[in-house]
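Residue-level listing of the chains:
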Amino acid sequence: MARLVESRREFLRTTGLAAGALLFSPQNVFSAQDEAAADYTVRIKAAPIEIAPNQILSSVTYNSQFPGPLLRFKDGQQVTVNIINETDTPEQLHWHGQKISADVDGSAEEGTPYIPAHGQRRITFTPKPAGLRFYHTHNRAGADLSAGQYSGQVGPVYIEPKENPGRYDREVFLVLKEFEPTLSRGGDMPQDFLSPSATDNILRETGEAAMKASLGKGMPHGYEVGYKFFTINGRMLGHGEPIRVKQGERVLFHILNGSATEIRSLALPNHVFEVIALDGNPVPNPARVPVLWLGTAERISAIVEMNHPGVWILGDLADDDRGHGMGIVLEYANRSGRPHWVKPKPFRWDYTNFTKSSATAPAPDETFDMTFAKDNAAEEGFNRWTINGVAYPMNNEMAPASFHLKEGKRYRLRMRNASDDIHPIHLHRHSFELTNLAGTKTSGIMKDVVMLGGYQQHEIDFIADNPGVTLFHCHQQLHMDFGFMTLFDYT
Ligand SMILES: [Cu+2]
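Since this is a predicted model, take the numbers as computed values, not measurements.

Peer 1: Honestly, the coordination of the copper ion in this entry has me stumped. Any pointers?
Peer 2: Put simply, a metal with four donors set out as a tetrahedron has ideal angles of 109.5 degrees, and one with six donors set out as an octahedron has ideal angles of 90 or 180 degrees. On the protein side, the copper ion has His 423 (ND1), Cys 474 (SG) and His 479 (ND1) as donor atoms, found 2.0 to 2.1 Å from it. Counting gaps between the donor residues of the copper ion yields the pattern H-x50-C-x4-H. Here His 423 is found in strand β24 (residues 423-427), whereas its partner His 479 is found in helix α6 (residues 477-480), with 56 residues between them in sequence. Residue class for His 423 comes out buried when judged on its relative accessible area of 0%.

In structure tokens form, the structure reads like this:
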């Protein structure tokens, strides 16, 4: 691919064109020649998405499809991507989970330039680390439920490792996503599935007192978001191609929760998942579990040994959501008939299943304390979210950094949740290590999103090894859009 880039430069030299000449082409859209010079072209464009026969939605997509095309990169091998924005709105395309520079990370808060409306941007970066990542819009949606990640702007990225992470026969990528969001005054988000489940009394008292005071003043509950349609790989359960398998196969599932706001679960009756990677990073202790849980933006790579022939539903545990499409049929060769669902036994999701218990994490150079709180319905009916009492300005722009890093140091974030919501917490441009989950010490699990339960405290550590402005936020669109963000910088 580097050769193609070279030949393009050669072309410019020999024809006497300056790179700046491109600025005068109509609307900055690339010509076929320009597109050939990039490894990938991503077009941000409104398009119909057929989630079931005669059930067609319109949404902003990548390359007119949902999910966006799987982009396969190679660990450490530079790529050039053309991003063409055919919409009326300036866009940000974020490379979630990658250790790249703020200039290309795709976050206006970090200073990444926008891809202008009806314009384009060509970026070059070196993909890393290996594993399952993804790309998605990083625009603020606010009250506009067609914008940001409520849209179809989500696609998987797989960065091929130098060595394969496990023995398997083939890979299947699954993107979980809801459509047609609406605002409501109450949610039905699952709460009681995380382990360890210990909560903090002070956080509970603080959060409950704040909520009581707000409701006492006559405030309604802040808005939540619900959805009409649920899909896997853009198709409602029963309306897409089944996953076709053969007995004895080992299938590696790469699963991405591409939701704007929801936590998802998955089970496959009579089969178990051997989890080999979380958020694309190999786990120290691959372990077998009957159920997967994924917070917004989390990914799981898991191998399933196909050893129970039949036609099954790989689906969400929530009957209502599965009934409205959150599932996909898995069909063994030479089997047919109606797909079967069997409700799994109660199971708690525990990240520490995938670690080796003996090791402890090294001490940090510095610890930052962060308390997350909710101001019920405080922002035009939406909950306002604060970190240490401060809501991030709601303008999708850079603000002064609240936390300052020195390159090479190890930092611990002690995150305290004074609300009853589960927050999928995300750090840009770095991976972090889980070091304490609700009072239980752990180590060795590297992630870029972690679910923090209601009134719980977690500690995560990271090494400041990627200088530049770095965004930290809750990945729940409704939370990040209404204040739940902050910035780190390097001094
Ligand atoms: Cu949140």
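Peer 1: What is the right way to read the pattern of salt bridges from this model?
Peer 2: Here the idea is simple: oppositely charged side chains can pair when their charged atoms come close. The final tally for this structure, using the stated rule, is 35 salt bridges. When the shortest N-O distance is used, the salt bridge between Arg 43 and Glu 86 registers 2.6 Å. Of this pair, Arg 43 sits in strand β1 (residues 40-52) while Glu 86 sits in the loop between β4 (79-85) and β5 (93-96), and the two are 43 residues apart along the sequence. For Arg 43, a relative accessible area of 24% gives the class partly exposed. Judged by its relative accessible area of 31%, Glu 86 falls in the partly exposed class. What emerges from the salt-bridge pattern is a single network uniting Asp 369, Arg 410, Arg 412, Arg 414, Glu 433, Glu 459 and Asp 461.

Peer 1: Sorry if this is basic, but what is going on with the packing of aromatic side chains here?
Peer 2: Geometry of an aromatic ring pair is reported as the spacing of the ring centres plus the angle between the planes. Overall, the coordinates contain 23 aromatic pairs when judged by the stated rule. Joined through ring pairs, the aromatic side chains of Phe 368, Phe 372, Trp 385, Phe 403, Tyr 411, Phe 462, Phe 472, Phe 484 and Phe 488 make up one cluster.

Peer 1: Help me understand the sheet that holds strand β14 (residues 273-278) in this model?
Peer 2: Working definition: the strands of a sheet are paired by backbone hydrogen bonds and lie parallel or antiparallel to each other. Spatial strand order, β10-β9-β12-β17-β14-β15: six strands in an open sheet with mixed pairing. At either end of the open sheet lies a strand with only one pairing partner, and these are β10 (224-232) and β15 (281-289). This sheet shows a mean twist of 25 degrees between the axes of neighbouring strands, independent of strand direction.

Peer 1: Teacher, can you tell me more about the side chain of Thr 61 here?
Peer 2: By the secondary structure assignment, Thr 61 is in strand β2 (residues 55-62). With relative accessibility at 0%, the residue Thr 61 sits in the buried group. Only 3.1 Å separates the side chain of Thr 61 from the backbone nitrogen of Ser 64, close enough to count as a polar contact. Dropping the residues within four chain positions of it, Thr 61 is found in contact with Arg 43, Ile 44, Lys 45, Ala 47, Ile 49, Gly 152 and Gln 153.

Peer 1: Please clarify how helix α4 (residues 201-216) should be interpreted in this entry.
Peer 2: For the α-helix, the turn length of 3.6 residues means that residues three or four positions removed from each other point alike. If you check α4, its first and last C-alpha atoms are 22 Å apart, about what 16 residues at 1.5 Å a residue would give, namely 22 Å. Leu 203, Gly 207, Met 211 and Ser 214 are the residues of α4 that are buried. Projected down its long axis, α4 carries its buried residues within an arc of 60 degrees, all on one side. Set apart from the buried face of α4 by more than 90 degrees, the exposed residues are Asn 201, Ile 202, Glu 205, Lys 212 and Gly 216. Looking one or two residues past α4, Gly 218 carries a phi angle of roughly 90 degrees, positive in sign.

Peer 1: Help me out: how do you make sense of the sheet that holds β24 in this one?
Peer 2: Across the sheet, five strands lie side by side as β22-β31-β30-β24-β28; this open sheet has mixed pairing. The open sheet has two edge strands with one neighbour each: β22 (403-405) and β28 (449-452). Between one strand axis and the next, the sheet turns by 20 degrees as a mean value, whatever way the strands run. Where strand β30 (residues 470-474) and strand β31 (residues 485-490) come together, four bridges link them in antiparallel fashion.

Peer 1: When you look at the nonpolar core in this model, what are you seeing that I'm missing?
Peer 2: One finds Phe 253, Leu 292, Trp 349, Phe 472 and Phe 488 to be the most contacted residues of the largest nonpolar core, which totals 77 residues. Listed in part, the 20 residues of the second largest apolar core include Val 60, Trp 95, Val 104 and Ile 123.

Peer 1: What's the story with unusual backbone geometry in this structure? I'm lost.
Peer 2: For residues other than glycine, phi is negative in most cases, and the peptide bonds are mostly trans. Of the consecutive residues Phe 66 and Pro 67, the connecting peptide bond is found in the cis state with omega at -10 degrees. Mapped onto the elements of the fold, Pro 67 is located in the loop between β2 and β3 (71-74). The omega torsion across Lys 128 and Pro 129 is -5 degrees, close enough to zero to call that bond cis. You can see Pro 129 is positioned in the loop between β6 (119-125) and β7 (131-137). The phi angle at His 118 is positive, at roughly 55 degrees, despite the residue not being glycine.

Peer 1: Help me understand the environment of Phe 368, please; the structure alone is not making it clear to me.
Peer 2: Checked against the element boundaries, Phe 368 lands in strand β20 (residues 366-379). Setting aside chain neighbours within four positions, we find Phe 368 in contact with Phe 403, His 404, Leu 405, Tyr 411, Arg 412, Leu 413, Arg 414 and Phe 488.

Peer 1: Would you mind showing me how to read the confidence of the model for the chain here?
Peer 2: Segments scoring low in pLDDT should not have their predicted coordinates read at a detailed level. Mean pLDDT over the chain: 92, with 92% of residues reaching 70 or higher. Here residues 1-28 is modelled with pLDDT under 50, and outside its nearest four sequence neighbours on either side it reaches 18 contacts, counting other chains as well.

Peer 1: Help me understand the side chain of Lys 177 in this model?
Peer 2: Mapping Lys 177 onto the fold places it in strand β9 (residues 170-184). From its side chain, Lys 177 meets the backbone oxygen of Gly 258 in a polar contact 3.5 Å long. The residues touching Lys 177, leaving out its near neighbours within four places in the chain, are Phe 66, Gln 149, Tyr 150, Ser 151, Val 154, Phe 229, Phe 230, Thr 231, Gly 258, Ser 259, Ala 260 and Met 326.

Peer 1: Just to check I follow, could you spell out the environment of Leu 268 for this structure?
Peer 2: Tracing the backbone through its elements, the reader meets Leu 268 in the loop between β13 (264-267) and β14. Spatially, the C-alpha atoms of Leu 268 and Ala 391 are 41 Å apart, while their sequence positions differ by 123 residues. What Leu 268 contacts, discounting residues up to four positions off in sequence, is Phe 273, Val 304, Trp 312, Ile 313, Leu 314 and Leu 330.

Basis of the calculations
- Residues numbered from 1 in each chain as written.
- Predicted model: local features only at pLDDT ≥ 70, side-chain atom pairs only at ≥ 80, totals over all residues.
- Heavy atoms only, no water.
- Donors = N, O, S within 2.8 Å, 3.2 Å for Na, K, Ca; no water.
- Helix = DSSP H or I, 4+ residues; strand = E, 2+ residues; numbered from the N terminus.
- Buried < 20%, exposed > 50% of the residue type's maximum accessible area, 1.4 Å probe, protein only.
- Salt bridge = Lys/Arg side-chain N within 4 Å of Asp/Glu carboxyl O.
- Phe/Tyr/Trp six-rings, centres within 6.5 Å; stacked < 30°, edge-to-face > 60°.
- Pairing = 2+ DSSP bridges.
- Axes fitted to C-alpha atoms, helices over the stretch in contact; angles between N-to-C directions.
- Polar contact = N/O pair within 3.5 Å; in protein donor to acceptor, adjacent residues only side chain to side chain.
- Contact = heavy atoms within 4.5 Å.
- Expected span 1.5 Å × (residues − 1).
- Arc of directions from axis to C-beta.
- Core = buried A, V, L, I, M, F, W, Y, C linked by side-chain atoms within 4.5 Å.
- pLDDT = per-residue confidence, 0-100.

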